[in-house]
There are 2 protein chains.
Amino acid sequence: MKSGRDISKIADGILEGNRRALARGITLIESYREEDIEVGQQLLERLMNASGNSVRLGISGVPGVGKSTFIESMGLDLVDQGHRVAVLAVDPSSPYSGGSIMGDKTRMQNLTQSASAFIRPSPTGGTLGGVARRTRESIMLCEAAGYDVIIVETVGVGQSEYAVADMVDFFLVMLLPGGGDALQGIKKGIIEVADMLVINKAEGDQLALAKAAKKEYQQALKLISGNGGVPAEVMLCSALERTGIKEIWQNLADRTEELKQSGEFEQRRNDQLLSWMSRLTEQSLLQRFWGDEKVRKLAEQCRNQLREGTLTPLQASKKLISEFLRER
Amino acid sequence: MKSGRDISKIADGILEGNRRALARGITLIESYREEDIEVGQQLLERLMNASGNSVRLGISGVPGVGKSTFIESMGLDLVDQGHRVAVLAVDPSSPYSGGSIMGDKTRMQNLTQSASAFIRPSPTGGTLGGVARRTRESIMLCEAAGYDVIIVETVGVGQSEYAVADMVDFFLVMLLPGGGDALQGIKKGIIEVADMLVINKAEGDQLALAKAAKKEYQQALKLISGNGGVPAEVMLCSALERTGIKEIWQNLADRTEELKQSGEFEQRRNDQLLSWMSRLTEQSLLQRFWGDEKVRKLAEQCRNQLREGTLTPLQASKKLISEFLRER
């Protein structure tokens, strides 16, 4: 257990922009040990007021789409422009590697070496809710350490995308040229939460294909976007040849500026914070509920009775809730 | 309060296909009075085993798209083929009429007069969760009364669509020819939960436009559908001229047959029943939680402390949950 002095030391280190202190802080936040969680929250409490001064980007796409190359290219550009860039990975249950996709040591080699960049691999294991909480809190620690562009990378195949879309300012989905077929791996509904689609590998032979794909997506988004406001932007790039990346950043920077001017940026951040509290509360209440042994046993009985038609769903729900509240 | 004998009488009446008994049963199910709810559940319990033998269709679309004309045309066709058709409306919070859109007495005049049809206007007022529960239960009562095609109509502008999509076998979204512009009113995300898009008013001058729209939607759906399996079907009809309706029904009937053969139909119905129990339980637990006066007061304090940065969201959620469970 860390003492109050240890926490102060880590907090001061983070505020000074010390990367080792930041890494230690995130390790605390990611820990499952009850006492670490306690200390992690105290640390966060100290740093909350120093956080928030950044642009938060979510970047999603299936493995092979070129996310790492893209993030490295953009990261190096941003560092050149004087930004400090933190990259966090979210990957609660990768079906590909049996663990963290970020485990690949050769990724983002150049960015890793930059003194203005901080790269944190995916926390391993844990529920989606847990990963989402820890990623949100890690964002705040990175901000307290002076990183002003935070990139959260997800693999685009699970449920984490929705959680991430709700903790960033802009959610980007990366795609390959070639339209429908190239989308095979991506999860249904992800396109809908995107603020921008980035078609990568718009280079050489594939440039024409990429341009055609851009038009198709623009049209599809216009058709599908419904009443939810402006359809997502569609932009082209080649992460490999480092073309189009600056334009993508410029677009995001311009939109950030507009949102800040209108006050919407602040408002959205505030809404995200409050809804985060609500959802965290609901998640853990429901976790306690369904994790309760008596509730679980009764629920199994109820399911059988439901199938037999001897109990209605409303009757079942009433029984389950009184069982849960009775024993408190 | 209804006596046991009253319930038996209503239950028997429903099983005999008596429309007045069915209407009385649904009124019980829709009531907010504690004792009616109790009796309604007893009624449902008696009838659950007689329910299930139907095809359940959700039909959504903004006002003006021609839902009523479509449902009437299809309903009359189905009645001609020997089916018995029930139409239920879901409209928890219409921004258009200040109440029930189904209140319009002139709607579905011909279908209303058929002895093989039952039309029930929207329950007025209530939360989305409540409306969803009552609609689900009303479906079961209609089935117990021998209706073998149940149509649930929604207005396509709120949150009810997701609840409805989860209680039907097929969810249809009706659109006008003309693509993006015609979609103005529809809620974002609804296209994604559709099993079929129906482009209405494919008639006269608009036929070419409708055909073009069909192609556009097919392409868009292919692009957007991601990993979720087969893109939704897109079909044309003219509800006014009664063309294309039979083909739409035939398509649904064929798919039903396939799903039944493979066992998927039964499986999905069963999954829907169990997840309905879970969600009903979670909804009412959360309703009790946020409705608790002490929790509400504390939550207000927590929100202020969050904004000030003197409390973390995790700390807040822990405080709220112990407050709720402490007083049990």
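For clarity, every value in this text was computed on a predicted model and none was experimentally measured. (Residues numbered from 1 in each chain as written. Chains lettered and ligands numbered in written order. Predicted model: local features only at pLDDT ≥ 70, side-chain atom pairs only at ≥ 80, totals over all residues. Heavy atoms only, no water.)

As for the overall build of chain A
Line of reasoning, step 1. Per the secondary structure count, chain A includes 13 helices and 7 strands.
Line of reasoning, step 2. Scored against the burial criterion, the 328 residues of chain A give a buried share of 55%.
Line of reasoning, step 3. Put simply, 75% of the contacts in chain A that link residues at least 6 apart link residues at least 24 apart. (Helix = DSSP H or I, 4+ residues; strand = E, 2+ residues; numbered from the N terminus. Buried < 20%, exposed > 50% of the residue type's maximum accessible area, 1.4 Å probe, protein only. Contact = heavy atoms within 4.5 Å.)

Some points on the interface of chain A and chain B
Line of reasoning, step 1. Counting from both sides, the interface comprises 68 residues of chain A and, opposite them, 68 residues of chain B.
Line of reasoning, step 2. Summed over both sides, the interface of chain A with chain B buries roughly 6100 Å², with 67% coming from carbon and sulfur.
Line of reasoning, step 3. At the boundary of chain A with chain B, the tally comes to 2 salt bridges.
Line of reasoning, step 4. Here Lys318(B) ties to Glu34(A) by a salt bridge, and the two come within 3.7 Å at their closest N and O atoms.
Line of reasoning, step 5. At the surface where chain A touches chain B, the tally comes to 8 residue pairs in polar contact (both at pLDDT 80 or more).
Line of reasoning, step 6. Secondary structure elements with two or more residues in the side of chain A that touches chain B: α3 (34–47), α6 (128–144), α8 (190–193), α9 (207–224), α11 (264–291), α12 (293–308) and α13 (313–326) of chain A.
Line of reasoning, step 7. Here the side of chain A that touches chain B gets 15 residues from one element, more than from any other, and that element is α11(A).
Line of reasoning, step 8. Split by residue class, the side of chain A that touches chain B holds 30 nonpolar, 22 polar and 16 charged. (Buried area = accessible area lost by both parts, 1.4 Å probe. Salt bridge = Lys/Arg side-chain N within 4 Å of Asp/Glu carboxyl O. Polar contact = N/O pair within 3.5 Å; in protein donor to acceptor, adjacent residues only side chain to side chain. Nonpolar A, V, L, I, M, F, W, Y, C, P; charged D, E, K, R; others polar.)

Focus on the sheet that holds strand β7 (residues 233–236) of chain B
Residues and elements named next belong to chain B.
Line of reasoning, step 1. With respect to topology, 7 strands assemble into an open sheet ordered β3-β2-β4-β1-β5-β6-β7, the strand pairing being parallel. The open sheet has two free edges, formed respectively by β3 (117–120) and β7, since each of these has just one partner strand. Neighbour-to-neighbour, the strand axes of this sheet turn through a mean angle of 20 degrees, independent of strand direction.
Line of reasoning, step 2. Inspection of the sheet shows strand β1 (residues 55–60) paired to strand β5 (residues 170–175) by 4 bridges, in the parallel sense. Looking across to β5, one finds that Ser 60 is bridged to Val 173.
Line of reasoning, step 3. Across the sheet, helix α2 (residues 19–30) is in contact with β2 (85–90) and β3; its angle to β3 comes to roughly 25 degrees. (Pairing = 2+ DSSP bridges. Axes fitted to C-alpha atoms, helices over the stretch in contact; angles between N-to-C directions.)

Focus on helix α13 (residues 313–326) of chain B
All names here are of chain B.
Line of reasoning, step 1. The first and last C-alpha atoms of α13 sit 20 Å apart over 14 residues, in line with the 20 Å expected at 1.5 Å per residue.
Line of reasoning, step 2. The buried count for α13 comes to 10 of 14 residues, which makes it a mostly enclosed element.
Line of reasoning, step 3. Of the residues making up α13, those classed as buried are Pro 313, Leu 314, Gln 315, Ala 316, Ser 317, Leu 320, Ile 321, Glu 323, Phe 324 and Leu 325. (Expected span 1.5 Å × (residues − 1).)

Notes on the relation of the copies chain A and chain B
Line of reasoning, step 1. Between chain A and chain B, which share one sequence, the superposing operator has a rotation angle of 180 degrees and an axial displacement of 0.0 Å; the RMSD is 0.0 Å. Seen this way, the second copy is the image of the first under a two-fold rotation axis. Across chain A, the smallest distance between a C-alpha and the rotation axis is recorded for Ala220(A), namely 2.2 Å.
Line of reasoning, step 2. A shared binding surface is used by both copies, with 100% of the interface residues of chain A retained as interface residues in chain B. (Least-squares fit on C-alpha atoms with pLDDT ≥ 70 in both.)

Let's talk about the sheet that holds strand β4 (residues 149–154) of chain A
All names here are of chain A.
Line of reasoning, step 1. The sheet built from 7 strands is open, its strands ordered β3-β2-β4-β1-β5-β6-β7 with parallel pairing. Strand pairing shows two members of the sheet lacking a second neighbour, β3 (117–120) and β7 (233–236), which therefore form its edges. Across the sheet, the mean angle separating the axes of adjacent strands is 20 degrees when strand polarity is ignored.
Line of reasoning, step 2. Along the sheet, α9 contacts β5 (170–175), β6 (196–199) and β7; its crossing angle with β7, the most-contacted strand, is approximately 175 degrees.

Keep in mind these numbers describe shape, not what the thing actually does.
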